[in-house]
Each structure stands twice: as structure tokens, then as C-alpha cells.
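A look at the structure
The lines below spell out each chain.
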Amino acid sequence: MSRLIVIPARLQSSRLPGKVLLPLLGRPMLWHVWQRALCSEAEVLIAAADEQIADVAHHFGAQVVLTDPDLPSGTDRVAAALWERDGDHVINLQADEPLVEVSTLLRLFEALEDPSVAVCTPAAPMFEDPGPSVVKVVVDAMGDALYFSRAAIPHGGPYLRHVGLYGYQREALLDFVGRSVGALERTESLEQLRLLEQGCRIRVCQVSSAPPSVDTAEDLALVRELLEAQ
């Protein structure tokens, strides 16, 4: 089975404009994400929403597909890029995850080797709820997601912190972007609830930790410190 990692990237950001091109140790954030993805030994593709991102990615040697800037989400961007590439098992890796663990990417690909797993995503244990900015997930006895929420679930913890990347069987991803947005997705602003609401299973792969993504200037400073310490 062929393995593909697609990194959807766009300049627009509600809290930190242009963040994927901001410098970390002299390189754009996107370069760091791309480098970590390459360490998985999968094919890596950047799905760029903007010509500026495409130019930067081409400059550092990445494979790039320029996608429609009006696509509503990163998942739609990944699906659009998928039409131009082979890939039986596909990971959607966000461009603001410069500290993503290669072991996590491999764990998702491993889960997809089971043909009964159409979609998978990682989660890490935590004992305190940091608030609604962090998504929590509860799972059943098989390790499949029962629900994702910004609320503190289950009541009193301990919690599983959702890590925002996804692995898909190719056809599952293409099917997902064709589904209508449901009430739960609108309520929580979590697109994975579209699948649960329509009866699709999501396998949750538990990992040891959830490295920070970059949403704010404070996140950027923290990630810069962590990279410098490595």
C-alpha cells in the first residue's frame, strides 16, 4: 500500500496571519513540518492555497499542488490534492505542527494497515482540562471515538487530548469531503463530528504526548524555544 502525507497550507489565519511562513531557526515553519513528514519515508505533498506558499515550498524542494483558495477547509485541500497523486493511505498533517512526532505519523500508517480502519487520529493522555481551546475525545472499548468535544469529557477526567491530524483510507477521505455538515459539527466547530454523526468509526491511536501547534504569537515563541533545545 502506498503512503502519502499531504500538508494543506494557506496564508490566511484568524489569529496569526501568514504563520506557516514565519521563521523558526532561520527556516519557514512549513519547512520544519515538511522535514518531519519526510522522516516517515512516505511521499510528502504540500497542498498550497496561495502562490506565495507554493513558491516558498518549491524553493526548498517540496512537491507542491496549488489548490483552489476558496476551498472551505484543509481537509478539502488534501482531497483536492489527492486527485493528482496515488496514495492508498493518506495523512492530513497541518502546516502549523512543526514539532509533530514522526512516531505519531508512523502510528497512524500502522493503524491504516487494518482494512477495517477507515479513519484514524491520535490522542494523548492528560489529567487537567486546559479549557475549550483543547479538544478532548472519549473512546469505546475498541479504541474508537465515541465523541469529540471542547468540553471536559469525561466528567472529572482523566482526559484524552485530541491531536489534530488524521489518517484516511483514500476512499474514506474522498467520501468525507462529499458529506454534508451536521448539527454537531456546527455546534462544536469540529469537522470530525461530521463522520461520527453519520455513523462512521474513527480509530483513536493513543500516543504519549501532544506537542504544541502554533495558533498565537505565544505558541510561536514556545515552539521556537523547544526547537532550539533539541
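Notes on the structure in this doc start here. Note that this is a predicted model, so its numbers are computed, not measured.

With that settled, consider the packing of aromatic side chains. Counted under the stated rule, the structure contains 3 aromatic pairs. With a centroid separation of 4.9 Å and 40° between ring planes, the pair formed by Trp-34 and Phe-60 is classed as tilted. Of this pair, Trp-34 sits in helix H1 (residues 29-38) while Phe-60 sits in the loop between helix H2 (51-59) and strand S5 (63-66), placing them 26 residues apart in sequence. We note that Trp-34, like Phe-60, is buried. An aromatic cluster is present here, built from Tyr-166, Tyr-168 and Phe-176 joined pairwise through their rings. For Arg-27, the ring lying beneath its charged end belongs to Trp-31, and the centroid distance is 4.5 Å.

Along strand S4 (residues 43-48), 5 of the 6 residues are buried, which leaves the element largely enclosed by surrounding structure. Relative to S4, strand S1 (residues 3-9) runs parallel, the two being bridged by 6 bridges. Following the sheet pairing, Val-6 is matched in S4 by Leu-45. Where S4 lies against S5, 4 bridges are found, and the strand directions are parallel. Directly across from Ile-46, in S5, lies its bridge partner Val-64. Between the parallel elements S4 and S5, the chain passes through H2 in a crossover that is right-handed.

Here Glu-185 lies in helix H6 (residues 183-188). Here Glu-185 falls in the buried class, since its relative accessible area comes to 10%. Not counting chain neighbours up to four residues away, the residues in contact with Glu-185 comprise Leu-190, Glu-191, Leu-193, Arg-194 and Glu-197.

Criteria and cut-off values
Residues numbered from 1 in each chain as written. Predicted model: local features only at pLDDT ≥ 70, side-chain atom pairs only at ≥ 80, totals over all residues. Heavy atoms only, no water. Phe/Tyr/Trp six-rings, centres within 6.5 Å; stacked < 30°, edge-to-face > 60°. Helix = DSSP H or I, 4+ residues; strand = E, 2+ residues; numbered from the N terminus. Buried < 20%, exposed > 50% of the residue type's maximum accessible area, 1.4 Å probe, protein only. Lys NZ or Arg CZ within 6 Å of the ring centre and 35° of its normal. Pairing = 2+ DSSP bridges. Right-handed = clockwise from strand over helix to strand, strands pointing away. Contact = heavy atoms within 4.5 Å.

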